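Structure assessment
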Amino acid sequence: MPAFVNPTRDLTPAIDWLTRRVAFYTEQPVHNVDPDIPLAELGIESVSAVSLCGEIEDQWELELDPTVVFDYPTIAEMAVFIVTEVEDRYERAA
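Per chain, the residues get numbers from 1 upward, laid out in the order the sequence is written. Owing to the predicted nature of the model, reporting of local features is limited to residues with pLDDT of at least 70; listing and counting of side-chain atom pairs is limited to 80 or more, with chain, interface and lining totals taken over all residues. Where side-chain values are given, they derive from all heavy atoms of the structure, hydrogens and water being excluded.

A short note on the overall build of the protein chain
Secondary structure elements follow DSSP: runs of H or I of four or more residues count as helices, runs of E of two or more count as strands, with numbering from the N terminus. Secondary structure assignment for the protein chain yields five helices and zero strands. The reference for a compact globule is 2.2 Å times residues^0.38; the radius of gyration itself is calculated from the C-alpha atoms. Since a compact globule built from 94 residues should have a radius of gyration of about 12 Å, the 13 Å found for the protein chain is in line with a globular shape. C-alpha atoms of the protein chain, sized along the principal axes, occupy 40 × 25 × 20 Å. To sort residues, take the accessible area from a 1.4 Å probe on protein chains only and compare it with the maximum for the residue type: under 20% means buried, over 50% means exposed, and anything in between is partly exposed. The buried share among the 94 residues of the protein chain stands at 39%. Contacts are assigned to residue pairs that have any heavy atoms within 4.5 Å of one another. In the protein chain, 57% of the contacts between residues at least 6 apart in sequence involve partners at least 24 apart. To measure how exposed things are, a 1.4 Å probe is used in the Shrake-Rupley method; for residues, cover is taken only from the protein chains shown. Carbon and sulfur atoms form 51% of the exposed surface of the protein chain, whose accessible area is close to 5,700 Å². Taking the average place of the 5 positive charges on the side chains of the protein chain and the average place of its 19 negative ones, the gap between the two points comes to 6 Å. Two residue types count as positive, namely Lys and Arg, and two as negative, namely Asp and Glu; His and chain ends fall outside the count. Positions of charges follow a simple convention, taking NZ of Lys, CZ of Arg, CG of Asp or CD of Glu.

A word on helix α3 (residues 46-60)
Any helix carries an expected span of 1.5 Å times its number of residues minus one. The end-to-end C-alpha distance of α3, which contains 15 residues, comes to 21 Å, matching closely the 21 Å that a straight helix rising 1.5 Å per residue would cover. Tucked into the core, α3 has its buried residues touching α1 (12-26), α4 (68-71) and α5 (75-93). Immediately downstream of α3, the backbone of Glu61 shows phi near 50°, a positive value.

Here's the deal with the confidence of the model for the protein chain
Confidence scores here are pLDDT values: one per residue, from the predictor, ranging 0 to 100. Summary statistics for the protein chain give a mean pLDDT of 88 and a share of 90% for residues scoring 70 or more. Low confidence marks residues 1-5, where pLDDT is under 50. Its contacts with residues over four positions away, or in another chain, come to seven contacts.

Re the packing of α1 against α5
Put simply, α1 and α5 touch, their axes get as near as 9 Å, and they point 130° apart. Relative to α5, α1 is oriented oblique. In the packing of α1 onto α5, the handedness of the crossing is right-handed. Of the residues in α5, those in contact with Ala14, Ile15, Leu18, Thr19 and Val22 of α1 are Ile75, Met78, Ala79, Ile82 and Val83. Classification used: nonpolar for Ala, Val, Leu, Ile, Met, Phe, Trp, Tyr, Cys and Pro, charged for Asp, Glu, Lys and Arg, polar for all others including Gly. Residues belonging to the contact of α1 with α5 are distributed by class as follows: nine nonpolar, one polar and no charged. Lines fitted to the C-alpha atoms define the axes, with helices restricted to the stretch that makes contact. Angles between their N-to-C directions range from 0 to 180 degrees. An angle below 35 degrees is read as roughly parallel, one above 145 as roughly antiparallel, one from 65 to 115 as roughly perpendicular, and any other as oblique. A crossing counts as left-handed when the near helix is turned anticlockwise from the far one by less than a right angle, and as right-handed when that turn is clockwise.

Comments concerning unusual backbone geometry
Keep in mind that most residues, glycine aside, have a negative phi and that most peptide bonds are trans. Positive phi, close to 55°, is recorded for Glu27, a residue that is not glycine. Residue classification places Glu27 among the exposed positions, given a relative accessible area of 75%. The phi torsion at Glu61 lies on the positive side, around 50°, for a residue other than glycine. Residue position: Glu61 is located in the loop between α3 and α4.

Below you can see the structure in the form of structure tokens.
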């Protein structure tokens, strides 16, 4: 997990969801998907990455550039990004 992660932040739901989706796209068991291995090494291709981005947008009601899956290349990094974006959205709304 990246060093800049707030230790009180619960990333588990995002990591679990992303892990299941990556397992689906790469056609492998969930237990084989390591959140710290780059998505490209796990077998995510560009078409799957764009689809995953769309699912992230729907799941967390975010508007993302499809390149976000390359900007945050691991599930763990992507989870930090998603949770931060969701937290920021709620803070702006408060």
